[in-house]
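If you want the building blocks of each chain, they are given just below.
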Amino acid sequence: KTDNQRPAFFKEHIYSLLTSLNGVRQSPRYHPEGDALYHSLQVFQLARLACDDPELWAAALLHDVGKVVSTPNHAQIGENELEGLLSPRVVWLVRHHLHLLIAPKRTRRWLRNTPQLYELELLRAWDLKGRSPSATVMTPKNAVEQLMKHYSSLQPRSNVPYYYENKVLG
């Protein structure tokens, strides 16, 4: 894509990924709010209320995009979908967003005293809180518009040090 086409492609692709979550059912035991789109929009709003960091907002909005393909592998699938589209930090957070659920002690040991651990803890807290069956959420279009205001800060950048090492939790 040319530089002029890239923002439009980005917007369209993010919108498509997000709206594909519409109707993706989740276990009522863990997700009484229903489908993955409604959940993701709740998590996004919680992130926007809690911080001024568009990369954290993007991770919150898109953390479950892989559920369209497979719930058990959704973190890895989401990583693959977002690689090259969003900053490595956002992709890393989506890839690792379940680590504090699956292996909390190992994750805390692995990431001890790092910004990555703090950010995963924030994302985990929003993920848990974004499960209200009666929450009012913005439309997917409005959510994507909010991200587009920060388009340049969400892009992959080769000249910025990347501290989000993409290794598997050991």
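Rules and cut-offs
- Residues numbered from 1 in each chain as written.
- Predicted model: local features only at pLDDT ≥ 70, side-chain atom pairs only at ≥ 80, totals over all residues.
- Heavy atoms only, no water.
- Core = buried A, V, L, I, M, F, W, Y, C linked by side-chain atoms within 4.5 Å.
- Buried < 20%, exposed > 50% of the residue type's maximum accessible area, 1.4 Å probe, protein only.
- Helix = DSSP H or I, 4+ residues; strand = E, 2+ residues; numbered from the N terminus.
- Axes fitted to C-alpha atoms, helices over the stretch in contact; angles between N-to-C directions.
- Left-handed = near helix turned anticlockwise from the far one by under 90°.
- Contact = heavy atoms within 4.5 Å.
- Nonpolar A, V, L, I, M, F, W, Y, C, P; charged D, E, K, R; others polar.
- Patch = residues over 30% accessible without salt bridge, like charges linked within 9 Å, V, L, I, M, F, W, Y side chains within 5 Å.
- Areas by Shrake-Rupley, 256 points an atom, 1.4 Å probe, with all protein chains shown as cover.
- Salt bridge = Lys/Arg side-chain N within 4 Å of Asp/Glu carboxyl O.
- Lys, Arg positive; Asp, Glu negative; His and termini not counted.
- Charge placed at Lys NZ, Arg CZ, Asp CG, Glu CD.
- Phe/Tyr/Trp six-rings, centres within 6.5 Å; stacked < 30°, edge-to-face > 60°.
- Lys NZ or Arg CZ within 6 Å of the ring centre and 35° of its normal.
- pLDDT = per-residue confidence, 0-100.
- Polar contact = N/O pair within 3.5 Å; in protein donor to acceptor, adjacent residues only side chain to side chain.

1. Side note on the nonpolar core
(1) Moving on: Formed by 44 residues in total, the largest nonpolar core has its most connected members in Leu 82, Leu 86 and Trp 126.
(2) Moving on: Where this core is concerned, the elements lending two or more residues are α1 (6-19), α2 (36-50), α3 (54-62), α5 (88-96), α8 (115-129), α9 (140-148) and α10 (151-154).
(3) Moving on: The element that contributes the greatest number of residues to this core is α3, accounting for seven residues.

2. Some points on unusual backbone geometry
(1) Moving on: One non-glycine residue, Asn 113, adopts positive backbone phi at about 60 degrees.
(2) Moving on: Mapped onto the elements of the fold, Asn 113 is located in the loop between α7 (104-110) and α8.
(3) Moving on: Accessibility expressed as a relative area gives 75% for Asn 113, which makes it exposed.

3. Some points on the packing of α3 against α5
(1) Moving on: One can describe the packing of α3 onto α5 by two numbers: an axis separation of 9 Å at closest approach and a directional angle of 35 degrees. Of the two possible hands of crossing, α3 and α5 adopt the one that is right-handed. In this structure, α3 contributes Glu 55, Leu 56, Ala 58, Ala 59 and Leu 62 to the contact, and α5 contributes Arg 89, Val 90, Leu 93 and Val 94.
(2) Moving on: Its residues assigned to classes, the contact of α3 with α5 shows seven nonpolar, no polar and two charged.

4. Points about a positive patch on the surface
(1) Moving on: Residues Lys 105, Arg 106, Arg 109 and Arg 112 make up a contiguous surface patch of positive charge.
(2) Moving on: Topologically, Arg 112 is positioned in the loop between α7 and α8.

5. Digging into the packing of aromatic side chains
(1) Moving on: Under the definition given, this model contains two aromatic pairs.
(2) Moving on: Relative to Tyr 151, the ring of Phe 10 has its centre 5.1 Å away and its plane inclined at 75 degrees; by these criteria the two rings are edge-to-face. A residue pair is termed long-range when its members are at least 10 positions apart, and Phe 10 in helix α1 and Tyr 151 in helix α10 qualify at 141 residues. Of the two residues examined, Phe 10 and Tyr 151, each falls in the buried class.
(3) Moving on: The ring centre of Trp 57 lies 5.3 Å from the NZ or CZ of Arg 48, which sits over that ring.

6. Focus on the confidence of the model for the chain
(1) Moving on: Considering every residue of the chain, the mean pLDDT works out to 91; 90% of them sit at 70 or more.
(2) Moving on: Note that pLDDT drops below 50 for residues 166-170; the model gives that stretch 13 contacts with residues more than four away or on any other chain.

7. Thoughts on the environment of Tyr 38
(1) Moving on: Within the secondary structure, Tyr 38 sits in helix α2.
(2) Moving on: The sequence separation of Tyr 38 and Leu 21 amounts to 17 residues, and the corresponding C-alpha distance is 8.4 Å.
(3) Moving on: Side-chain polar atoms of Tyr 38 contact the backbone oxygen of Pro 133, separated by 3.3 Å.

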